[in-house]
Amino acid sequence: MTLQKVVLESKNKLGSLDGYVTSGKHKAGVIVIQEWWGVNEQIKNLAEKWYGEKYVALVPDFYRGKVAKDHEEAGHYMSDLDWFGAVQDIQAAVDYLKNNGVEKVGCVGFCMGGALTIAASVLVDGLSAAAPFYGIPSPQLADPGKARTPMQCHFGTKDNLKNFSDPEAQNALEKTLKENNVVFEFHRYEADHAFANDLNPEKYNAECAKLAHERTLTFFDKYLN
């Protein structure tokens, strides 16, 4: 299976962006959202391996061709990101899939992409399910209590990113979802932040990553088919 580059027409002030889509005719699609590194080989491979066989998997390139080489560069790219513009890019990805024969669309994202996945559940039209991994949007971007899709959350108990994905932030997110009657599942793993990134040997936990992706596939099967 190979990813094909396509153009997504976005209302983002930066204009259109590239996306990378798997082949195959499926009635359901999954948008796979990058970590702060950008659209590197890791996120493309993850999209193909875990989501490309059962779904049309689409990876939108929010950084528009830029890929970080180290933590400092990734931090600059993420801090420079127009988050509302990125939400418009996700809308463009949903629209692309629906204009190409996909009937139901889910979204899964990691780190920065996890926060954007939650924001998409609140702000993007046409989504049917959202599966965020270790990332929570700022209150200025989106209120998770206003999520419009079922949500399946994945976090590590050893995560120490304060106010973004640490246990205190996790508990606050779960409380918000519960109090607002959002349909959700909340899964915690004995793992660190970025435990699903196999190119990050310090954080990667193969057993937890496999379990989380399997749970996500079951979740998507329930809400996208």
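Residues numbered from 1 in each chain as written. Predicted model: local features only at pLDDT ≥ 70, side-chain atom pairs only at ≥ 80, totals over all residues. Heavy atoms only, no water.

## Some points on the packing of aromatic side chains
Link 1 in the chain: For the structure on display, the rule yields 13 aromatic pairs.
Link 2 in the chain: Arranged with centres 5.9 Å apart and planes meeting at 85 degrees, the rings of Phe-133 and Tyr-134 form a pair that is edge-to-face. Neither Phe-133 nor Tyr-134 differs from the other in exposure class; each is buried.
Link 3 in the chain: Ring centres of Phe-219 and Phe-220 lie 5.8 Å apart, and the angle between their planes is 45 degrees; this geometry places the pair in the tilted category. (Phe/Tyr/Trp six-rings, centres within 6.5 Å; stacked < 30°, edge-to-face > 60°. Buried < 20%, exposed > 50% of the residue type's maximum accessible area, 1.4 Å probe, protein only.)

## Considerations on helix α5 (residues 167-179)
Link 1 in the chain: Compared with an ideal rise of 1.5 Å per residue, which puts 13 residues at 18 Å, α5 spans 18 Å between its outermost C-alpha atoms and is within 8% of the ideal.
Link 2 in the chain: Along α5, the residues that are buried comprise Ala-169, Gln-170, Leu-173, Glu-174 and Leu-177. On an axial view of α5, the arc spanned by its buried residues comes to 135 degrees, and they lie on one face. More than 90 degrees from the buried face of α5, the exposed residues found are Glu-168, Lys-178 and Glu-179.
Link 3 in the chain: Packing partners of the buried residues in α5 comprise α4 (112-123), β7 (151-156) and β8 (184-189).
Link 4 in the chain: Of the residues flanking the end of α5, it is Asn-181, one or two places downstream, whose phi is positive at about 60 degrees. (Helix = DSSP H or I, 4+ residues; strand = E, 2+ residues; numbered from the N terminus. Expected span 1.5 Å × (residues − 1). Arc of directions from axis to C-beta. Contact = heavy atoms within 4.5 Å.)

## Observations concerning the pairing of strand β2 (residues 17-21)
Link 1 in the chain: Burial of β2 is extensive: four of the five residues sit out of reach of the surface.
Link 2 in the chain: Two elements, strand β1 (residues 4-8) and β2, share five bridges in a ladder whose sense is antiparallel. Bridging across to β2, Leu-8 finds its partner in Leu-17.
Link 3 in the chain: Strand direction decides the pairing type here: β2 and strand β4 (residues 56-60), joined by three bridges, are antiparallel. Within the sheet, the bridge partner assigned to Tyr-20 lies in β4 and is Val-59. (Pairing = 2+ DSSP bridges.)

## Describing the sheet that holds β7
Link 1 in the chain: Judged by pairing direction, the sheet is mixed, and its eight strands sit side by side in the order β1-β2-β4-β3-β5-β6-β7-β8 without closing on themselves. Because the sheet does not close on itself, it has two edges, and the strands there are β1 and β8. Across the sheet, the mean angle from the axis of one strand to that of its neighbour is 20 degrees, orientation sign disregarded.
Link 2 in the chain: By the bridge criterion, three bridges tie strand β3 (residues 28-33) to β4 in an arrangement that is parallel. Its bridge partner lying in β4, Gly-29 is registered against Val-56. (Axes fitted to C-alpha atoms, helices over the stretch in contact; angles between N-to-C directions.)

## So, the side chain of Gln-152
Link 1 in the chain: Here Gln-152 is to be found in strand β7.
Link 2 in the chain: A relative accessible area of 1% means that Gln-152 is categorised as buried.
Link 3 in the chain: Here Arg-215 takes part through its backbone oxygen, which lies 3.2 Å from a polar atom of the side chain of Gln-152.
Link 4 in the chain: Within the structure, Gln-152 has its side chain in polar contact with the backbone nitrogen of Thr-216 (distance 3.3 Å).
Link 5 in the chain: Filtering out sequence-adjacent residues up to four positions away, Gln-152 remains in contact with Ala-130, Ala-131, Pro-132, Glu-185, His-187, Arg-215, Thr-216 and Phe-219. (Polar contact = N/O pair within 3.5 Å; in protein donor to acceptor, adjacent residues only side chain to side chain.)

## Describing the pairing of β8
Link 1 in the chain: Note: β7 against β8, six bridges, orientation parallel. Following the sheet pairing, His-154 is matched in β8 by His-187.
Link 2 in the chain: Taken together, β7, α5 and β8 form a β-α-β motif whose crossover is right-handed. (Right-handed = clockwise from strand over helix to strand, strands pointing away.)

## Some details on α4
Link 1 in the chain: Taking 1.5 Å per residue as the helical rise, α4 with its 12 residues ought to reach 16 Å, and the 16 Å between its terminal C-alpha atoms agrees with that figure.
Link 2 in the chain: With 11 of its 12 residues buried, α4 lies for the most part within the structure.
Link 3 in the chain: Among the residues of α4, those classed as buried are Met-112, Gly-113, Gly-114, Ala-115, Leu-116, Thr-117, Ile-118, Ala-119, Ala-120, Ser-121 and Val-122.

## So, the packing of helix α3 (residues 83-99) against α4
Link 1 in the chain: Contact geometry for α3 and α4: axes closest at 10 Å, N-to-C directions at 70 degrees. Considered as vectors, α3 and α4 are oriented roughly perpendicular to each other. Read as a crossing pair, α3 and α4 show a hand that is right-handed. When α3 is examined against α4, the residues Trp-83, Ala-86, Val-87, Ile-90 and Gln-91 are found in contact with a partner set consisting of Met-112, Ala-115, Leu-116, Ala-119, Ala-120 and Leu-123. (Parallel < 35°, antiparallel > 145°, perpendicular 65-115°, else oblique. Left-handed = near helix turned anticlockwise from the far one by under 90°.)

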